[in-house]
Amino acid sequence: MSKAGGDEDGGGSETAQQLEEKTSVGNVQSKLSAATSGPGWTKVSCPCCVSERVEPLVLVKLGEKVRPETKRWLIRLIGAPQKDGGAALLAHPGEDASGDIIMVSAPRCTLLRATEELGLCKTYSSENMEAFSYNDRDNFKDSDNMEVFLTLAERQYIVKYELDGLRAQRDLRIPGLSDSYTLHQRDNIWQKLGSAGVIVDTFPLHHSDKLKDLSEAWYSGNQLAQPLDQVNEYFGSSVAFYFSFLDFYTWSLLPPAILGLSITYFSGKVQKEMVESVSRAGAPGIEDDSEPAVSGHMIQAMFSMLWSTVFMEMWKRRSSSLSYRWGTLHLAERFAEPRPGFHGDLGVNPVTGRVEPLFPEWQRDLRIALVSIPVVGLFLGLVVLGMLCFYWGEAQVQQLNNEWDSLLSQVLLFAPSVLHIVYTNMLATVYKTVARSLTEFENHREESAFENHLTAKVLVFTFFNYFAVLFHIAFFKQDVPLLRKRLASLLIVTQLVNQVTEVVIPFLVDRFISAPHRAESEDDPQEDKFRNQSILPAFPGLFAEYIELLVQFGYLSLFSCVYPLTAVLLLINNLTEIRSDAYKICKLFRKPFFPPVANMGVWQIAFEVLSFVSVVSNCWLLLLSPRLQELFQEGGMSGTNTLLLAVLVEHALISAKVVLAVLIPDEPDWIRKKREHIEYASMQALREQRLRSDES
């Protein structure tokens with residue numbers, strides 16, 4: 001992050017008396033803003049940054065024992081120009097100068113400089129999206145009005161971006177703290193203050209009016225379409241991409257759901273299999289016609305393999321269109337400051353020439369090889385242990401049912417599956433914490449590298465944890481009825497457990513525990529309303545949401561041919577999931593920080609990998625079909641020839657998927673032209689900047 005600020009950096013505005021004459025009542029933040037330009041806010045010297053009203057964007061919560069001199073020093077640091085080691089932001093101590101909060105905002109020049117650093121695209125005077133350039137800022141539409149030019153989520157993230165980038169320019173003692181908390185050169189100030197207990201939390205503030213409008217357009221009414229542009233404006237592109245994918249995926253479930261219902265309706269054998277998957281009593285009134293059932297399973301398998309490819313290719317096209325519309329199409333890896341958690345010996349970065357902590361790559365690789373991989377292997381071993389216990393439990397209850405043959409024994413048949421699902425969910429929760437600690441220990445410099453390694457760990461475990469039993473049943477035990485029963489248990493029990501743990505429990509905690517402590521009225525000071533937001537729990541992130549969708553996609557693409565109603569159950573679940581997730585992020589948690597993103601990132605790769613694995617899975621499951629085995633025997637084919645035929649069909653289907661992926665471009669032609677135009681314009685701007693630099 002650049003810290004080269006000039007006279008345009010700083011904080012503050014006019015006098016309180018002038019502002020009180022200009023500010024009208026009714027704005028959600030008017031009570032706090034009524035004094036925004038008075039002595040409470042740090043000052044700016046740049047005329048273009050002076051404003052009649054400062055918008056509080058972020059709240060910094062301080063520790064209870066923080067002394068007034070420490071708070072005053074921190075406010076000066078936040079408001080100091082970047083050339084002096086500050087963040088060039090606006091800081092307000094709150095109504096009580098010795099209180100435990102600091103309100104933070106950002107002046108125009110700081111926002112514009114960060115917009116260029118982040119690589120955001122904005123609307124140019126020609127009405128085209130262009131990569132923003134600070135030197136050419138006057139030619140971008142609405143660049144003089146930050147509330148229009150940047151979304152609320154972007155403005156709030158830029159504040160976090162600047163605070164996280166604060167580094168000590170020299171050894172410095174923090175006023176009010178002991179010498180053990182001395183800042184050394186290039187130390188990350190914000191992280192150091194957090195470990196010292198000075199800063200307890202930093203979070204973006206909700207805007208009650210905008211949140212109310214978003215809630216009404218999102219989940220309060222009967223509308224089916226999601227207000228994705230409003231979601232992007234309020235929560236950022238990371239959240240908007242998740243809900244856009246959830247929406248696209250949910251409606252894409254309609255074709256396989258209709259096919260699954262048709263196969264079940266017209267096939268008596270499939271109906272019997274569906275009943276037997278949830279009950280051992282069978283279905284005596286249903287005729288067992290095996291011929292349509294086999295063809296139905298074959299149709300379902302072929303359709304699932306092709307559907308998963310078309311779905312992912314069409315999503316990539318939609319994703320690129322949204323990325324252009326939200327100005328994140330041109331985001332690129334920058335040689336920015338190290339992530340806050342990065343540490344090492346102080347030295348000169350050979351790439352950037354900056355003095356910063358350095359950490360040898362071989363040490364990171366050693367930590368991954370000697371610590372991370374063994375620990376991940378240990379958890380995979382726990383998955384295998386759970387699978388063995390599941391099989392042992394299956395055998396015990398099966399024997400019990402044969403001896404008792406009662407309603408209770410039939411109910412107990414599902415106990416091993418339910419207990420194993422609970423076990424895998426608990427193991428996954430523990431593993432997420434361990435995976436984050438391991439990734440922190442690996443000490444990655446860039447935030448993107450940290451997120452990629454963390455996601456890779458979680459994906460490996462998730463695939464093993466959720467699909468190991470199913471693959472073992474299908475490929476080793478070759479027990480299709482048990483596979484069907486297990487899949488039915490997962491689809492029904494897991495969805496119920498997820499809904500209870502993700503929505504019902506947080507709602508009850510919020511309704512009966514948290515809400516009474518943050519009761520407020522319209523007459524309460526706005527500062528108290530902001531402080532009440534800190535009572536809400538922190539948003540846990542989108543990891544669990546993407547994992548849930550990935551597991552769903554795996555059930556559908558890998559095993560739906562043995563359970564045609566898979567898409568139907570997923571569709572029903574996701575129609576409620578959209579609204580429950582929207583309600584959860586709006587009402588049950590503090591507003592989260594999310595960086596601008598151009599797509600789903602590594603999650604998109606994970607979905608594509610599952611799409612290719614589905615070919616192997618479905619070909620093998622078709623090979624286990626009794627009808628196909630009869631046909632092979634009637635044709636006199638040996639086991640070896642049958643296996644070779646299956647491999648040949650598998651390769652043919654993979655080739656068909658590759659051809660289909662190539663025929664469907666990842667982005668529409670007009671998006672490709674826009675992207676190339678943005679890249680060309682950026683190159684031209686860089687060339688002109690270098691020429692001006694050489695001339696000067």
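Residues numbered from 1 in each chain as written. Predicted model: local features only at pLDDT ≥ 70, side-chain atom pairs only at ≥ 80, totals over all residues. Heavy atoms only, no water.

Q: What's the story with the overall build of the protein in this structure? I'm lost.
A: Helices and strands together make up the secondary structure of the protein, namely 25 helices and 8 strands. Residues classed as buried in the protein amount to 51% of the 696 residues present. Long-range contacts, defined here as pairs at least 24 residues apart, represent 74% of the contacts in the protein between residues at least 6 apart. Surface accessibility of the protein: about 31600 Å² in total, with carbon and sulfur atoms responsible for 60%. (Helix = DSSP H or I, 4+ residues; strand = E, 2+ residues; numbered from the N terminus. Buried < 20%, exposed > 50% of the residue type's maximum accessible area, 1.4 Å probe, protein only. Contact = heavy atoms within 4.5 Å. Areas by Shrake-Rupley, 256 points an atom, 1.4 Å probe, with all protein chains shown as cover.)

Q: What exactly am I supposed to notice about the packing of aromatic side chains here?
A: Remark: the centre distance and the inter-plane angle together describe each pair of aromatic rings, the angle taken between the planes. Scanning the entire structure with this criterion turns up 37 aromatic pairs. Relative to Phe149, the ring of Phe132 lies with its centre 5.4 Å away and its plane at 65°, an arrangement referred to as edge-to-face. Residue Phe132 is located in the loop between β5 (129-131) and α5 (146-149), and its partner Phe149 is located in helix α5; the two are separated by 17 residues in the primary sequence. Taking the relative accessible area as the measure of exposure, Phe132 reaches 4% and is therefore buried. Here Phe149 falls in the buried class, since its relative accessible area comes to 6%. Aromatic side chains Phe471 and Phe475 sit 5.1 Å apart centroid to centroid with 50° between the ring planes, which places their arrangement in the tilted category. (Phe/Tyr/Trp six-rings, centres within 6.5 Å; stacked < 30°, edge-to-face > 60°.)

Q: Just to check I follow, could you spell out a nonpolar patch on the surface for this structure?
A: Taken together, the side chains of Val500, Val504, Ile505, Phe507, Leu508, Val509 and Phe512 define a hydrophobic patch exposed on the protein surface, amounting to about 580 Å² of accessible area. Take Val500: it is sitting in helix α18 (residues 480-514). Val500 gets classed as partly exposed once you look at its relative accessible area, which sits at 39%. (Patch = residues over 30% accessible without salt bridge, like charges linked within 9 Å, V, L, I, M, F, W, Y side chains within 5 Å. Salt bridge = Lys/Arg side-chain N within 4 Å of Asp/Glu carboxyl O.)

Q: Would you take a moment to explain helix α10 (residues 237-252) for this structure?
A: What sets the pattern is the α-helix's 3.6 residues per turn: residues three or four places apart point alike. Compared with the 22 Å implied by 1.5 Å per residue over 16 residues, the 22 Å span of α10 between its first and last C-alpha is a close match. Of all 16 residues making up α10, 15 are buried, and the element is well covered by its neighbours. (Expected span 1.5 Å × (residues − 1).)

Q: In this structure, what is going on with the environment of Arg445? I would like to understand it.
A: Structurally, Arg445 can be placed in the loop between α16 (415-442) and α17 (447-477). Each C-alpha atom of the pair Arg445 and Pro340 lies 8.8 Å from the other, and the pair is 105 residues apart in sequence.

Q: Whenever I open this one, the sheet that holds strand β2 (residues 90-92) confuses me. Can you help?
A: Strand pairing in a sheet relies on backbone hydrogen bonds. The paired strands run either parallel or antiparallel. Strand order in the open sheet made by the 4 strands is β2-β3-β1-β6, with antiparallel pairing throughout. At either margin of the open sheet sits one strand with a lone partner, and together these are β2 and β6 (199-204). Geometrically, the sheet is characterised by an average inter-axis angle of 20° between neighbouring strands, direction not taken into account. Looking at chain direction, β2 and strand β3 (residues 101-105) are connected through 3 bridges and run antiparallel. Along β3, the bridge assignment pairs His92 with Met103. The sheet contacts of helix α3 (residues 68-79) involve β1 (58-62), β2, β3 and β6, and relative to β3 the element is tilted by about 5°. (Pairing = 2+ DSSP bridges. Axes fitted to C-alpha atoms, helices over the stretch in contact; angles between N-to-C directions.)

Q: I tried to follow the nonpolar core on my own but got confused; where do I start?
A: Most often, soluble globular proteins have nonpolar side chains that are buried together. Leu74, Trp218 and Phe559 are the most contacted members of the largest nonpolar core, which has 163 residues in total. Excluding residues that lie within four positions of it along the chain, Trp218 makes contacts with Gln223, Gln226, Pro227, Val231, Phe235, Phe243, Arg579, Ala582, Ile585 and Cys586. If you look at the next biggest cluster of nonpolar residues, it comprises 7 residues, including Cys121, Met129, Tyr324 and Ile678. (Core = buried A, V, L, I, M, F, W, Y, C linked by side-chain atoms within 4.5 Å.)

Q: What should I look at first to understand the pattern of salt bridges in this one?
A: Between side chains of opposite charge, pairing is possible as soon as their charged atoms come close. For the structure on display, the rule yields 26 salt bridges. In this structure, the salt-bridge partner of Asp100 is Arg531, at a minimum N-O distance of 3.4 Å. With Asp100 in the loop between β2 and β3 and Arg531 in helix α19 (residues 526-532), this residue pair connects regions lying 431 residues apart in the sequence. You can call Arg531 partly exposed: its relative accessible area is 22%. For the salt bridge of Arg364 with Glu361, the shortest nitrogen-to-oxygen distance reads 2.7 Å. In this pair, Arg364 and Glu361 both sit in helix α14 (residues 361-404), 3 residues apart, roughly one turn of the helix. Taking the relative accessible area as the measure of exposure, Arg364 reaches 6% and is therefore buried. Look at the salt bridges and you will find they share partners, linking Glu313, Lys316, Glu608 and Asp666 into a network.

Q: Looking at this structure, how should I read unusual backbone geometry?
A: Most peptide bonds take the trans configuration, and most residues that are not glycine carry a negative phi. Even without being glycine, Glu127 reaches a positive phi, approximately 75°. Mapped onto the elements of the fold, Glu127 is located in the loop between β4 (121-123) and β5. Exposure remark for Glu127: the relative accessible area of 52% places this residue in the exposed category.

Q: What should I look at first to understand the packing of helix α20 (residues 543-559) against helix α22 (residues 602-623) in this one?
A: A pair of packed helices can be characterised by two numbers: the angle between their axes and the separation between those axes. Orientation of α20 relative to α22, taken along the N-to-C sense of each, is 25°, at an axis distance of 8 Å. Comparing their axes, α22 and α20 come out roughly parallel. Relative to α22, α20 is oriented so that their crossing is right-handed. Here Phe543, Tyr546, Ile547, Leu549, Leu550, Phe553, Gly554, Ser557, Leu558 and Phe559 of α20 lie close against α22, whose contacting residues are Trp603, Ala606, Phe607, Leu610, Ser611, Val613, Ser614, Ser617, Asn618 and Leu621. Its residues placed into classes, the contact of α20 with α22 shows 14 nonpolar, 6 polar and no charged. (Parallel < 35°, antiparallel > 145°, perpendicular 65-115°, else oblique. Left-handed = near helix turned anticlockwise from the far one by under 90°. Nonpolar A, V, L, I, M, F, W, Y, C, P; charged D, E, K, R; others polar.)

Q: What is the right way to read the environment of Pro668 from this model?
A: Structurally, Pro668 is set in the loop between α24 (639-663) and α25 (669-695). Note on Pro668: relative accessible area 10%, which makes it buried. Counting along the chain gives 351 residues from Pro668 to Arg317, while the straight-line C-alpha distance between them is 6.1 Å. Dropping the residues within four chain positions of it, Pro668 is found in contact with Arg317, Ser320 and Ser321.

Q: Help me understand the confidence of the model for the protein, please; the structure alone is not making it clear to me.
A: Residues shown with low pLDDT carry predicted positions that ought not to be read at fine detail. On average, residues of the protein score 82 in pLDDT, and 87% of them are at 70 or above. Note on residues 1-39: pLDDT under 50 across the span, and 114 contacts to partners over four residues away in sequence or across chains. (pLDDT = per-residue confidence, 0-100.)

Q: Explain the packing of α17 against α20 to me, please; I cannot follow it from the model alone.
A: Where α17 meets α20, the closest approach of the two axes is 11 Å, and the angle between their N-to-C directions is 40°. As summarised for this structure, α17 and α20 are arranged oblique, according to the angle between their axes. Classified by chirality, the crossing of α20 by α17 is right-handed. Residues Glu451, Leu454, Thr455, Val458, Leu459, Thr462, Tyr466, Phe467, Leu470 and Phe471 of α17 form the contact with α20, whose participating residues are Phe543, Ile547, Leu550, Val551, Gly554, Tyr555, Leu558 and Phe559. Looking at the contact of α17 with α20 residue by residue, the class counts come to 14 nonpolar, 3 polar and 1 charged.

Q: How should the side chain of Asn232 be read in this particular structure?
A: Position of Asn232 relative to the elements: it lies in helix α9 (residues 228-235). Ignoring sequence-local partners within four residues, the contact set of Asn232 consists of Thr151, Ala153, Ser237, Ala240 and Trp326.

Q: Before we go on, may I ask you to explain the state of the cysteines in this structure?
A: Among covalent bonds in proteins, the disulfide is the one between the sulfur atoms of two cysteines. Taken as a whole and judged by the stated rule, the model has 0 disulfides. Here Cys49 stays free of any disulfide, with the sulfur of Cys109 as its closest cysteine sulfur at 3.5 Å. On the basis of relative accessibility, which here comes to 6%, the residue Cys49 falls in the buried class. (Disulfide = S-S within 2.5 Å.)

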